[in-house]
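Below, each chain spelled out in residue letters.
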Amino acid sequence: MRRAFFLTIALALSACRTPSHTATAPAPAKQRPRVAREPVLPAAKESGTRFTRPTAAPPTPPDTREPGWHDAAPLDSPRQVHEAVLLDDGRVLVVGGMSDSAGRNPLTTARLFDPATGAWTTAASMSTPRYEFLLVKLPNGRVLAAGGFTSGGFTASAEVYDPATDTWTPTGSMGVARQVTGSTFLQDGTILIAGGSGAEITAHVETYDPATGVWTARTPLPEPRNSQVEALLSDGR
């Protein structure tokens, strides 16, 4: 009887107890609604009181000409045995030569041809008239004219053309006056000139340094040569 009474009290006390706290599930995190982003456009440019967005440049039309030769604008005056070189800006420098077949009138005049416009323009003239001379573009974009035949005979003089200022400037003269038919850029940046025709066909060899404007004599060719071919080999020879 006593055991049943104690058991009844224990059960009653157990039923009266309440938990100190009640576990609850965490509230779901709120997700922000996704907003579609607009594409980023170039900054607007002000035009008067309105703003306009820049537009892309129109594509360059393709060249529809057939391969082959096409007419170009002629020079303003005839010339022959002149020289030409391509400049860094894409124009072509044509200079010197002679205006008659007898060689009585060597020229100092120069012209520039622009392939983009197809037009010729006048460039500054050389200080010395010459034909059959050396004309070569230097690494700095300037152009060296050296030697050749002038109204007084063969010349050793040389001058440099600057396309940026359209001017010719005298530079050092070659060691031997002669017509020059070829040259080679060496690995050290100097220009090698060998042989040529002056008072006689020569074996003379010299180099020109664009940095100093000085010509330096080198070992002569084994035999005199003119109108020869020169080429720099892969090993520097």
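Residues numbered from 1 in each chain as written. Predicted model: local features only at pLDDT ≥ 70, side-chain atom pairs only at ≥ 80, totals over all residues. Heavy atoms only, no water.

### Thoughts on the overall build of the protein chain
Spelled out, the test is: For helices the rule is a DSSP run of H or I covering at least 4 residues; for strands it is a run of E covering at least 2, with both sets numbered from the N terminus onward. Exposure classes here rest on a 1.4 Å probe applied to the protein chains alone. A residue is buried below 20% of its type maximum, exposed above 50%, and partly exposed in between. Every residue pair with non-hydrogen atoms within 4.5 Å of one another is taken to be in contact. For the area figures, the Shrake-Rupley method with a 1.4 Å probe applies, and any residue is considered shielded solely by the protein chains shown.
Helix and strand counts for the protein chain stand at one helix and 16 strands. Sorting the 237 residues of the protein chain into buried and exposed places 29% on the buried side. Partitioning the intrachain contacts of the protein chain with sequence separation of at least 6 by distance along the chain shows that 39% fall at a separation of at least 24. With an accessible surface of roughly 16600 Å², the protein chain has 56% of that area assigned to carbon and sulfur atoms.

### Some thoughts on the packing of aromatic side chains
Using the following cut-off: Pairing of aromatic side chains requires ring centres within 6.5 Å, counting the rings of Phe and Tyr and the six-membered ring of Trp. Pairs whose planes differ by under 30 degrees are stacked, by over 60 edge-to-face, and all others tilted.
In this structure the tally under the stated criterion is five aromatic pairs. With a centroid separation of 5.5 Å and an interplanar angle of 45 degrees, the aromatic rings of Tyr131 and Phe149 are classed as tilted. Taken together, the residues Tyr131 in the loop between strand S6 (119-123) and strand S7 (134-137) and Phe149 in strand S9 (residues 149-150) connect sequence positions 18 residues apart. Residue class for Tyr131 comes out buried when judged on its relative accessible area of 9%. Note on Phe149: relative accessible area 22%, which makes it partly exposed. A ring pair is formed by Tyr161 and Trp168, whose centres lie 5.0 Å apart and whose planes are at 45 degrees; its orientation type is tilted. One aromatic cluster in this structure is built from Tyr131, Phe149 and Phe154.

### Focus: the sheet that holds strand S16 (residues 214-218)
The following threshold applies: By the convention used here, strands pair only if DSSP detects at least 2 bridges between them.
Taken in spatial order, the four strands of this open sheet run S13-S14-S15-S16, and their pairing is antiparallel. Each edge of the open sheet carries a strand with a single partner, namely strand S13 (184-185) and S16. Of the strand pairs in this sheet, strand S14 (residues 191-194) and strand S15 (residues 205-209) are connected by four bridges, and their pairing is antiparallel. Each bridged residue has a counterpart across the sheet, and for Ile191 the counterpart in S15 is Tyr208.

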